[in-house]
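Results of the structural survey
Spelled out from the first residue to the last, the chains are:
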Amino acid sequence: METHGLVKRFGDNVAVNGVELLVPRGCAFGYLGPNGAGKTTLIRVLLGLTRADAGTMSLLGHPVPRHRDQALARVGAIVDEPRFHGHLTGTQNLQILAAARERAAAERIGPSLERVGLSHRADDKVSKYSMGMRQRLGVAACLIGDPDLLILDEPMNGLDPAGMQDMRQMIASLVAEGRTVVLSSHLLDEVERTCDAVAIVDRGRVVRQGPISELLAGSSLTLQVGCSDAPRARALIAGTAIGTADGTHVTVEPTGLNVILPAGTGHEVIAEINRVLVASGIAVYRLQVLQASLESWFLQVTSRLGEPQ
Amino acid sequence: MATAAVPVAPGRQRGAAPDHRGSWLPSGAMVTTRFMELRKRRGVMVTLVLVTIGIPTVFLGVRLLLHAVSPKTYGPAGGYEIYTALVSGVLYIFGFIVAATLGVTAGSADLTEGMFRHLVVTGRSRLALYLARIPAGLAIIMSLVAVGFTIVCAVCVFAAPTRLQYNGVAVPAGLSRTGLESWAADHADDVICNFNVKFGPGSPIAAVLNNVPCGDGPRGPGPLSAPPGAQGAAQPSDAQVRNAAAAIANMDYPDYARHFLAPSVSLMVESGLWLELEAAIGFVVGLGLGSLTGQRTVAVILMIVLEVILTPILSRARIPHFANLQRAVVGLATAHLAPGGLPVLGGGGGGPGGGVGNPGLLPESTTVAVCVIVAWLVGWSVIGAWRMMTRDA
């Protein structure tokens, strides 16, 4: 999945603003962003549900919208809340969708329902389904096309913890089969657990993208210091070369000091902070390096954009 | 923006399965599943069945029952008159409305119920998605109309009266001109007193008629203009009376010939095709309107207003400078194509050939009527398909 300079406007509002995105094949890719960031709009543009105002894009190597039919032949997608004909059963809804795909799609209805755990309710009317069951039916609707690329917009919505666990496992198994899964979500914890790589979108623009491990490696560290005199410790650190370095920020918290250190900070810096404090007569009883999480990194990246440039 | 390389997992190598999802032609499976989707709508289907089959069946059933209980008080359930009333009064008007309702439902349901998005994501041509609804919906509405119409035909033929009531006189049906004259001569008093014929004041027959007693006096009131002093003249002979009755029958024959005990086969075939055409128009227009508006309620109301209010008004009113615009109303066009003998659009037509050249309707040639119908079918299909192809899903 690839986009270049993709733009979508709604009047004066630019929902997708020059998006450059590259999703490699065969991975689970998280597409993250705060509410209103333009996640769903980008997906809608990619799938041909609405038209782009500018830019180019391709799915599975097929330029879209020119070869939209070929591209979507191997794409399954849930966009927004999955809704179906309530007066039909789950199976009947899938039959309608299978009829619009290739002939073999009808044969995949049973296995797809089995895979998402809906076989026992397949002949119930969808109007009697819970939100989570409709979500599963949406995934089954994706699977009947035997897709190479799945685009799932907030697939965890409405799922209970067990359902979320099932969904994680299913996504992992889909990726293991060589499929590409793009997961749009604001549930950072889920994305971190499920995806190999992410893109962060904010105000219609992709601001970061890449493997989670590499992105987090480039983010700042947080050092929590438990000590006897936090205000004096703060002043001491601020007076050193470490405290004046770019990217370092020291705050006093009820539990002690919070020292935010730039990306790539080595252990020797932490040892130096400890030495300075102890040498000044401050008792240090705890030093804890907090591993940067996707959530903290996401907040850093997106909040930075909110500041005046 | 930072972009880092992502390791690529072992790919699933597979060629794309050949299909024709870019084609604008819907597949058979698309049509059958769309048929299923519409057929499973309980509320819509119950309404369709009630209107197209239920109303005529109940009406005819009650008449059959009443006639069986009290044949002298209640006339036969079937017959030509009942047939025309049901076909042009019920199946024509309500058939269009329920067909339009089904069309609007087919055109808007995917949108309102969120299914449209799933369908678009399949990559199937949006035009094919639209076109699949037409045969599916027509299969439903046309078969229902056919069933309802068949019931009407069956009852109207098999429960038709055995004698024709013509001007209040029981007359054998299907007589030739000579046969009617002969019958009239044998029932001269009934014919002279009841048949509605005028003769000029100088006519010798008028003199005869004015001297035949009918109820309280001579044949009257006032259809004849007998010469002054004629009344009170000598009583006409039997031969004169018989001749007068035969002359009346001769003059009345064209009107008599339009009265039947039961609808003819040709009339039933033409009426059936005409009703199916009306239902097809209703469905296709409703489908286009439903697709255009994207919702059902307003579209159904518009269709009802068109059929029940606008069409009768525009078909009969003479609005200066707007006659051609009035002729563009599809209901007027279909009324002009009505088979002979069917009074349409609120009555007033009647009689064989009453559809074309119906004096109550705004004049319109058959060619124009056909063009209007084709334009409506094509126009609304294009509008509906265009909206579906350009709509954000």
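Since the model is a prediction, treat every value here as computed from it, not as a measurement.

1. Things to note about the nonpolar core
Most often, soluble globular proteins keep nonpolar side chains buried together rather than apart. Counting residues in each nonpolar core, the largest one holds 162 residues, and the members touching the most others are Phe29(A), Ala140(A), Val181(A), Leu183(A), Leu102(B), Ile141(B) and Phe283(B). With 17 residues, the top contributor of residues to this core is helix H3 (residues 80-112) of chain B. Setting aside its immediate chain neighbours within four residues, Phe283(B) contacts Ala99(B), Ala100(B), Leu102(B), Gly103(B), Gly137(B), Leu138(B) and Ile141(B). Counting residues in each nonpolar core, the second largest holds 20 residues, with Leu180(B), Phe199(B), Ala246(B) and Ile248(B) among its members.

2. Topic: the domain arrangement of chain A
With domains assigned, chain A is organised as domain 1 (2-216) and domain 2 (220-291). Here the C-alpha centre of domain 2 of chain A lies 44 Å away from the C-alpha centre of domain 1 of chain A.

3. Focus: the interface of chain B and chain A
Across the contact, 39 residues belong to chain B and 52 residues belong to chain A. Of all the secondary structure elements, the ones that give two or more residues to the side of chain B that touches chain A are strand S1 (2-3), helix H1 (28-39) and helix H4 (115-121) of chain B. Top contributing element to the side of chain B that touches chain A by residue count: H4(B), with 6 residues. Here the side of chain B that touches chain A is built from residues that sort into 18 nonpolar, 10 polar and 11 charged.

4. Focus: the sheet that holds strand S2 (residues 13-22) of chain A
Residues and elements named next belong to chain A. Ordered in space as S2-S1-S4-S5, the 4 strands form an open sheet in which the pairing is antiparallel. Two strands close off the open sheet at either side, each with one partner strand: S2 and strand S5 (62-64). Recorded for the sheet is a direction-independent mean angle of 30 degrees between the axes of neighbouring strands. Bridge count for strand S1 (residues 2-10) against S2 is 7 bridges, and the pairing is antiparallel.

Rules used throughout
Residues numbered from 1 in each chain as written. Chains lettered and ligands numbered in written order. Predicted model: local features only at pLDDT ≥ 70, side-chain atom pairs only at ≥ 80, totals over all residues. Core = buried A, V, L, I, M, F, W, Y, C linked by C-beta atoms within 7 Å. Buried ≥ 20, exposed ≤ 12 C-beta atoms within 10 Å, placed from the backbone. Helix = DSSP H or I, 4+ residues; strand = E, 2+ residues; numbered from the N terminus. Contact = placed C-beta atoms within 7 Å. Domains from an automatic or database assignment. Nonpolar A, V, L, I, M, F, W, Y, C, P; charged D, E, K, R; others polar. Pairing = 2+ DSSP bridges. Axes fitted to C-alpha atoms, helices over the stretch in contact; angles between N-to-C directions.

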